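# A look at the structure
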Amino acid sequence: MRTVYVNGEYLPETEAKVSIFDRGFLMADGVYEVTSVLGGKLIDFEGHRVRLERSLNELGMQKPPAFDDLLDIHRELVRANGIDEGMIYLQITRGSAGDRDFAFPDEETTKPTLVLFTQNKPGLANSPAAKTGIKVISIEDIRWGRRDIKTVQLLYPSMGKMMAKKAGCDDAWMVEDGAVTEGTSNNAYIVKGNRIITRQLSHDILHGITRAAVLRFAREAQMEVEERAFTIAEAQEADEAFITSASAFVMPVVEIDGTKIGTGTPGNVATRLREIYLDESMKAAV
Ligand code: PMP
């Protein structure tokens, strides 16, 4: 049984409880982060911590009292659950005021809820999907306008994942005004020659922590990076396509809406970036 963390306590998962009045449950009034664990160490922890703080600030949500102890809490959960490869899920909500009300509760009397738990995923870095690549479909992006805030409003991304499954694919790329925004739970890229193209940062997409690292490594490896929007048609004609996220790292995309990308197998750029990302981020892991 897992040991999880709830508001200052380490508990067996069956004993961990959150109120039915919690605003995360009633209003999706919460933010989250997912940090990967490789070799028992945290990947890109500082990036996730900084983005979490930004999400809280953007929503005017106070930090939980344990905010400054988050690294220790992550490490204790890795230790207590013997995680070698996997993820740590963290969620902060605006807490429970003991009733339902649209207005935010008084910060003095209602403290945020902080929950963390581990997900054990042996073989995460050696995923078979990275060798074959994944297939995506395109769907309309009908999410709200502040996708740069990592909120727990994940209903539409979940529906997108189900639409992909139903179509015999692995994921969906979302399209707004004719251009790809991002994947349901990842950032989207295409490759043309030595040039990597990915949508520019704005309120339209999540500012991926893996995206930031991968673009830095790409530039260091003398690849060209162009941050701009692209269409599904452009992606279908590209040499390669891939996605990035904290749990998928760099994952090749080999088919979009039934059209093979390049040779229909993982491309050299995506494969190389995956290797560089895994090597460098494991070296820097805490
Ligand atoms: N976009 C969306 C919509 C996501 O949900 C995620 C992962 N949570 C990402 C991009 C990738 O972000 P990161 O690299 O920080 O995991």
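Cut-offs applied
Residues numbered from 1 in each chain as written. Predicted model: local features only at pLDDT ≥ 70, side-chain atom pairs only at ≥ 80, totals over all residues. Heavy atoms only, no water. Helix = DSSP H or I, 4+ residues; strand = E, 2+ residues; numbered from the N terminus. Rg over C-alpha atoms; globule rule 2.2 N^0.38 Å. Buried < 20%, exposed > 50% of the residue type's maximum accessible area, 1.4 Å probe, protein only. Contact = heavy atoms within 4.5 Å. Areas by Shrake-Rupley, 256 points an atom, 1.4 Å probe, with all protein chains shown as cover. Lys, Arg positive; Asp, Glu negative; His and termini not counted. Charge placed at Lys NZ, Arg CZ, Asp CG, Glu CD. 1 Å grid on protein atoms, 1.4 Å probe; cavity = no way out; pocket = protein on both sides within 12 Å on 5 of 7 lines; lining within 4 Å. Points joined across faces, edges and corners; volume = space filled by probe spheres on them. Arc of directions from axis to C-beta. Near = heavy atom within 4 Å. Sits in = over half its atoms within 2 Å of the grid points. Nonpolar A, V, L, I, M, F, W, Y, C, P; charged D, E, K, R; others polar. Domains from an automatic or database assignment.

Within the protein chain one finds eight helices and 15 strands. For a compact globule of 286 residues, the expected C-alpha radius of gyration is about 19 Å, and the protein chain comes in at 19 Å, within 12% of that figure. Projected onto its principal axes, the C-alpha positions of the protein chain cover 55 × 40 × 35 Å. Here the protein chain, with 286 residues, has 51% of them falling under the buried criterion. At a minimum sequence separation of 6, the contacts of the protein chain that also span at least 24 residues come to 71%. Summed over all atoms, the accessible surface of the protein chain reaches about 13,400 Å², with 51% contributed by carbon and sulfur. With 34 positive and 43 negative side-chain charges, the protein chain shows a separation of 3 Å between the mean positions of the two kinds.

Under the defined criterion, the tally for this structure stands at two cavities of 30 Å³ or more. Empty space within the largest cavity amounts to approximately 50 Å³. In this structure, the largest cavity is lined by Glu33, Thr35, Phe45, His48, Arg49, Leu52, Leu70, His74 and Leu90. Elements with a minimum of two residues in the lining of the largest cavity: strand E3 (30-38), helix H2 (45-58) and helix H3 (70-80).

Here we take up H3. For H3, the full list of buried residues reads Leu70, Ile73, His74, Leu77 and Val78. All buried residues of H3 lie within an arc of 135 degrees about the axis, which places them on one face of the element. Looking at H3, the residues exposed on the side facing more than 90 degrees away from the buried face are Asp72 and Arg79.

Inspection of the region around the ligand gives 18 residues, with Arg51, Lys150, Glu182, Ile209 and Thr210 positioned closest. In isolation the ligand exposes 390 Å². Once the protein is present, 92% of that is buried. Of all the cavities here, the one that holds the ligand is the largest pocket. Sorting the residues of the shell around the ligand by element identifies H2, strand E9 (179-183), helix H6 (209-220) and strand E13 (240-245) as the ones contributing at least two each. Classifying every residue of the shell around the ligand by side-chain character gives four nonpolar, ten polar and four charged. Per-domain counts for the shell around the ligand show at least three residues from each of domain 1 (3-125) and domain 2 (129-284).

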